[in-house]
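Here are the chains, one letter per residue:
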Amino acid sequence: MRQVDGWLVGTARGVQRYAVLGGRALRFTFARPFYARDTVIQMDKIGFGSLPIVTLTGLFTGMVLALQSSVELSRFGADVFIGNLVGASMIRELGPVLASLMVASRAGSGIAAEIGSMRVTEQIDALRSFGTDPIKKLVTPRILAALIVMPMLAVVCDAVGIFGGMLVAVFSLGVPADAYLRGVWSTLAESGFVLFVIPLDFVGGLLKPFVFGGIIALTGCYYGLATTGGTEGVGRSTTQAVVTASVLILAVDYFLTQALLAVLPPVG
Amino acid sequence: MVTREEHVRAIRDELEEGGGDASGRPEEVIRLEDVSLTFERPVLEGVSLYANRGETLLVVGESGTGKSTILKLILRQLLPDEGHIYVFGREITDLSFDEALDMRRRIGMVFQHAALFDSMSVFENVAYPLRENTDFDEHRIVETVRERLAFVDLDPDQVMRQLPSELSGGMRKRVGIARAIATDPELVLYDEPTSGLDPLTVGTINTLIRKLQRELGVTSILVSHDIRAGFRVASRVNLLRDGKIAFRGTPEEMVAADESYINEFLS
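Here is a short report on the structure shown in this document. (Residues numbered from 1 in each chain as written. Chains lettered and ligands numbered in written order. Predicted model: local features only at pLDDT ≥ 70, side-chain atom pairs only at ≥ 80, totals over all residues. Heavy atoms only, no water.)

### Comments concerning the overall build of chain B
Moving on, step 1. What chain B contains, in helices and strands, is eleven helices and ten strands.
Moving on, step 2. Computed over C-alpha atoms, the radius of gyration of chain B comes to 19 Å, within 12% of the 18 Å expected from 2.2 N^0.38 for 267 residues, which places it in the range of a compact globule.
Moving on, step 3. Taken along the three principal axes of its C-alpha coordinates, chain B extends 65 × 45 × 45 Å.
Moving on, step 4. Expressed as a percentage of the 267 residues in chain B, the buried residues total 53%.
Moving on, step 5. Surface summary for chain B: the accessible area is close to 12400 Å², and the carbon and sulfur share equals 47%.
Moving on, step 6. Across chain B, the 32 positively charged side chains and the 47 negatively charged ones have centroids separated by 3 Å. (Helix = DSSP H or I, 4+ residues; strand = E, 2+ residues; numbered from the N terminus. Rg over C-alpha atoms; globule rule 2.2 N^0.38 Å. Buried < 20%, exposed > 50% of the residue type's maximum accessible area, 1.4 Å probe, protein only. Areas by Shrake-Rupley, 256 points an atom, 1.4 Å probe, with all protein chains shown as cover. Lys, Arg positive; Asp, Glu negative; His and termini not counted. Charge placed at Lys NZ, Arg CZ, Asp CG, Glu CD.)

Here it is as structure tokens:
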């Protein structure tokens, strides 16, 4: 009982520290000095650096999705609807979630390892000794960068996934490319539009990676700053950052989907 | 049995001897009064010390006796459970977060393992405090960085573009000192500046510490377990034992002291 009690108190304290860190980091977005250069460097690291892995993930996910769904659809002679299925799946769920999971494992772990090793080698103390707030210098730029680049990466993942699905549809299943693309568009159009031109699904598909980006960077920074115990501690923080960010992404995805369905219900 | 009030008064009287005022006595830069701090066990118990402007104070003791904790308290990275800490004449325990950052800008810190920023070149490391705490233009920053690197006997043209990982231990320490003095701090704190270095490099670092005091009039607090190296630069010594001050005086007085623990420590 005492162990459960201790675990609960520890978890509650952790959640509180996590929230306080996130709050302070966002507050510093509007406080001088602005570390714009650091933000751009992080955008390059998180965004451009994750591009290959996100592209490959999107491509193969779209391809396997088309292949798997063709088995069921061809039974009813509905191969032509592969575009609808791949488009909806990639934009609503798979693009944002898989891109975010990949970035969590690549960039989230990198953030935790970098800040963790700065912590154990006294570089964070050195920052403080120069009158620099480590949260402003290290956490805020990483969160801002992830908030900006994550939706872009999700769009890339969506686009490449839809393209991958089209490759399979056209070359393996003999579905015409224009029929496939019409299917993708009609699915998007069916969900309705925001401001008359932006498909509703696309809005959801951008909002999710925006939130997930914040989770990835904040979790990486949180575990990095909490690192103790030398190089072994850095390894432990890195693992914890990836596991926690991944679980949070999947859990928050469910609640975000529910919220989006309530706020922006599909038309018809 | 000495009461707590008598104990505090005795400390105050003792500290007054080194305190500064308009009567010509040296100005006090640091003062710790009856400072105690406990984590899982007591780290510091009733520690009092002071440092006057321009002097080098050595804090020695075995590993784990709370030496580095004193530096963290002075930087206000830790707060004491009891007691008062004055830096530049101001009590720092009640400073706000931003006031503490401002206070730290007047202090340079040399870390045990230099703590250079891995991702930055030597130039960027030394330029960092200048970019953060001054409004120098790029030309003046370059000039100041070159000057500071030359001060610590490094060739700016050779090392400025190098990464910390490409430097030897002694060079890293010297870059750490150059970075610590980049903004002309009034106080420099050294945390084990000579640990893990060969005797020749220890000599170089000691020469640098003396040079800083002599040429720039910097007040220094040197935390070390290397008493031989410390004696070469310090004007006064405080010996910590189990979180308490076991001896305070000049290096000569410490050598002459007839106490078994001190003799054991010196040997």
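So that's the structure; there's more coming.
### Some remarks on a nonpolar patch on the surface
Residues and elements named next belong to chain A.
Moving on, step 1. A cluster of nonpolar side chains, Val4, Trp7 and Leu8, forms an exposed patch at the surface whose accessible area comes to about 340 Å².
Moving on, step 2. Here tryptophan 7 lies in helix H1 (residues 2-27).
Moving on, step 3. What makes tryptophan 7 exposed here is its relative accessible area of 59%. (Patch = residues over 30% accessible without salt bridge, like charges linked within 9 Å, V, L, I, M, F, W, Y side chains within 5 Å. Salt bridge = Lys/Arg side-chain N within 4 Å of Asp/Glu carboxyl O.)

### Things to note about the interface of chain A and chain B
Moving on, step 1. The interface of chain A with chain B comprises 16 residues on the first partner and 22 residues on the second.
Moving on, step 2. Between chain A and chain B, a total of about 1700 Å² is buried, with carbon and sulfur atoms accounting for 54% of that surface.
Moving on, step 3. Our enumeration of links across chain A and chain B arrives at zero salt bridges.
Moving on, step 4. Summed over the shared surface of chain A and chain B, the number is seven residue pairs in polar contact (both at pLDDT 80 or more).
Moving on, step 5. Tallying contributions element by element places helix H4 (residues 123-129) of chain A first for the side of chain A that touches chain B, with six residues.
Moving on, step 6. Its residues placed into classes, the side of chain A that touches chain B shows five nonpolar, five polar and six charged. (Contact = heavy atoms within 4.5 Å. Buried area = accessible area lost by both parts, 1.4 Å probe. Polar contact = N/O pair within 3.5 Å; in protein donor to acceptor, adjacent residues only side chain to side chain. Nonpolar A, V, L, I, M, F, W, Y, C, P; charged D, E, K, R; others polar.)

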